[in-house]
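Commentary on secondary and tertiary structure
Now for the letters of each chain:
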Amino acid sequence: MTFDVETVRKDFPILSTKMRGRDLVYLDSAASSQKPEAVISAISDFYSAHYANIHRGVYQLSAEATQRYEDVRSLVARFIGAPDPREIIFVRNATEAINLVARTWGEQQIGNGDEIVLTTMEHHANIVPWQMLAERQGASIRVAAVTDDGVLDLEHLKRLLGPRTKLLAVTAVSNALGTINPINTLTSLARDRGITTLVDGAQAAPHQSVDVKALGCDFYVLSGHKVFGPSGAGVLYGRLPLLESMPPFLGGGDMIESVSFEGTTFAPVPQKFEAGTPDIASVIGFGAAIEYLEAIGMDQISAYEQTLLTYATERLLKIPGLRIIGTAKEKAAVISFVLEDAHPHDIGTILDGEGIAIRAGHHCAQPLMKRMGVPATARASFSFYNTRDDVDSLVEALRKTQEIFA
Ligand code: PMP
């Protein structure tokens, strides 16, 4: 099946809505992606005909809901190349997944004087939980530099990996610049030195196929809402022996084997990490998103987005006074930019008036903004439902913005 963007667009009801009297141009998929009808109807159908709590009912409805929920676990495992569905832990989002690892594995493995290596291009979600952990444990954070192009400085990173380094936590794709990091190289550097790796896949999973086994990472996290699923369902992948050796995160129902006031024993992985009633319907919706993506093919999606990225980059660079922040060779379809004289927030507001949704600000990556020498950027992030027309609308609106500020 060849990729046809017009066919794809019909699958996303919101894309045919109007915004400020114009066709909506949605260029903020890095913040959260739009949802295809398949996802919306899977959630509605689940609530209309199949809803019950999971893992506890003796009746058929609950048994079926449990089966559907567990089927999504297997689907996610296949989608990201995890060898065993028990390696998939459902959480709310990537942020929660990272905090889970920090609170469990981190408190168990990281002690006084140990080091955690991050990069300058991390999202706050992959900075703050480690800072909090480091403070609790007396550990320290070391930060690998990025170049002026927004590329990870590998030589600097290598120098940071020392005998006290316990963890390398790195994003696969920068949300603010689009830079794609060489994860295989990084995990093999870490493995050679006995360092555990956590890959933040929040911005990678929507754009490229993921194979955690081939990546060789210990942990991988993602948010379902950026991968065309509903908000409320995210994933922590962890290698099974690691997950099995980790203490539980939240305590409560569903994560135990037996409870008495003398002591509690815990359920095996993955239940050990899934206390309480999860966002069942969101997990079901996420499953529908994966099936939808698999039917199109992540490779087709990547290839299409790369052509769109090239087109958008070429057109934007022709706008005088526009500077792209983040010019790595390997990029996902994300373009951060600044315009001479216009503040990114003003650009965002003016574009909104034209029905164009972009993001403006620091993108939860303040250390990176500081490194790139800008307080904020405007960011257009593309998905496989965006078109060249969307790019043209963006360019036209930016030209108008410039006239206003000229
Ligand atoms: N990491 C990266 C690279 C992100 O872009 C984001 C979301 N912007 C997150 C982590 C956090 O995702 P969430 O808010 O869904 O937890």
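Thresholds applied
Residues numbered from 1 in each chain as written. Predicted model: local features only at pLDDT ≥ 70, side-chain atom pairs only at ≥ 80, totals over all residues. Heavy atoms only, no water. Axes fitted to C-alpha atoms, helices over the stretch in contact; angles between N-to-C directions. Helix = DSSP H or I, 4+ residues; strand = E, 2+ residues; numbered from the N terminus. Left-handed = near helix turned anticlockwise from the far one by under 90°. Contact = heavy atoms within 4.5 Å. Nonpolar A, V, L, I, M, F, W, Y, C, P; charged D, E, K, R; others polar. Buried < 20%, exposed > 50% of the residue type's maximum accessible area, 1.4 Å probe, protein only. Arc of directions from axis to C-beta. Domains from an automatic or database assignment. Buried area = accessible area lost by both parts, 1.4 Å probe. Salt bridge = Lys/Arg side-chain N within 4 Å of Asp/Glu carboxyl O. Polar contact = N/O pair within 3.5 Å; in protein donor to acceptor, adjacent residues only side chain to side chain. Near = heavy atom within 4 Å. Pairing = 2+ DSSP bridges. Right-handed = clockwise from strand over helix to strand, strands pointing away.

Let's talk about the packing of helix 2 (residues 37–50) against helix 10 (residues 280–296)
Contact pair helix 2 / helix 10: the axes reach a minimum separation of 8 Å and the direction vectors enclose 145°. Crossing of helix 2 against helix 10: the hand is right-handed. Residue-level contacts link Ala-38, Val-39, Ala-42, Ile-43, Phe-46 and Tyr-47 of helix 2 to Ile-280, Ala-281, Ile-284, Gly-285, Ala-288, Ala-289 and Tyr-292 of helix 10. Here the residues of the contact of helix 2 with helix 10 sort into twelve nonpolar, one polar and no charged.

What about helix 12 (residues 344–353)?
Those residues of helix 12 not exposed but buried are Pro-344, Ile-347, Gly-348 and Leu-351. One face of helix 12 carries all of its buried residues, which in axial projection span an arc of 100°. On its buried face, helix 12 sits against strand 14 (334–339), strand 15 (356–357), strand 16 (359–361), strand 17 (377–381) and helix 14 (388–405). At the exit of helix 12 stands Gly-355, carrying a positive phi of roughly 80°.

Some points on the domain arrangement of the chain
Along its sequence, the chain is carved into domain 1 (5–30 + 297–405) and domain 2 (41–294). Between domain 1 and domain 2, the C-alpha centre-to-centre distance is 28 Å. Taken together, the 35 residues of domain 1 in the interface contact 32 residues of domain 2. In total, about 2,700 Å² of surface goes out of reach between domain 1 and domain 2, with carbon and sulfur atoms giving 57% of it. Considering only the side of domain 1, the residues that lose the most area to domain 2 are Met-298, Leu-368 and Arg-371, jointly responsible for 23% of the buried surface there. Run the count over domain 1 and domain 2 and you get one salt bridge. Note that Asp-148 is salt-bridged to Arg-371, the shortest N-O span being 2.6 Å. The interface formed by domain 1 and domain 2 contains 19 residue pairs in polar contact (both at pLDDT 80 or more). Of all the elements in the fold, those that place two or more residues in the side of domain 1 that touches domain 2 are helix 11 (298–317), strand 14 and helix 13 (366–372).

Some thoughts on the site of the ligand
Inspection of the region around the ligand gives 13 residues, with Thr-95, Asp-200, Ser-223, His-225 and Lys-226 positioned closest. Contact distances for the ligand include 3.2 Å between a nitrogen atom and a side-chain N or O atom of His-123. One of the side-chain nitrogen or oxygen atoms of Lys-226 is found 2.8 Å away from a nitrogen atom of the ligand. Class assignment of the residues belonging to the shell around the ligand gives a composition of three nonpolar, eight polar and two charged.

Overview of the pairing of strand 8 (residues 196–200)
Burial analysis of strand 8 places five of its five residues in the buried class, the great majority of the element. Covered by surrounding structure in strand 8 are Thr-196, Leu-198 and Asp-200 together with Thr-197 and Val-199, the residues of both alternating faces. For strand 7 (residues 165–171) and strand 8, the ladder comprises five bridges, and the chain directions are parallel. Each bridged residue has a counterpart across the sheet, and for Leu-168 the counterpart in strand 8 is Thr-197. Note that the unit made of strand 7, helix 7 (residues 183–192) and strand 8 has a crossover that is right-handed.

Things to note about the pattern of salt bridges
In the structure shown here, the tally under the stated rule is 20 salt bridges. For Asp-390, the salt bridge is made with Arg-9, and the minimal N-O distance between the two is 3.7 Å. With Asp-390 in helix 14 and Arg-9 in helix 1 (residues 5–10), the pair connects residues that are 381 residues apart, well separated along the chain. By relative accessible area, Asp-390 is classed as buried at 5%. In this structure, Lys-166 engages Asp-114 in a salt bridge whose closest nitrogen and oxygen atoms are separated by 3.0 Å. You can see Lys-166 sitting in strand 7 and its partner Asp-114 sitting in the loop between helix 4 (94–109) and strand 5 (115–119), a full 52 residues away along the chain. Assessed through its relative accessible area of 28%, Lys-166 is described here as partly exposed. Exposure remark for Asp-114: the relative accessible area of 4% places this residue in the buried category. Shared partners join several salt bridges into a network, and the residues in it are Arg-22, Glu-354 and Lys-400.

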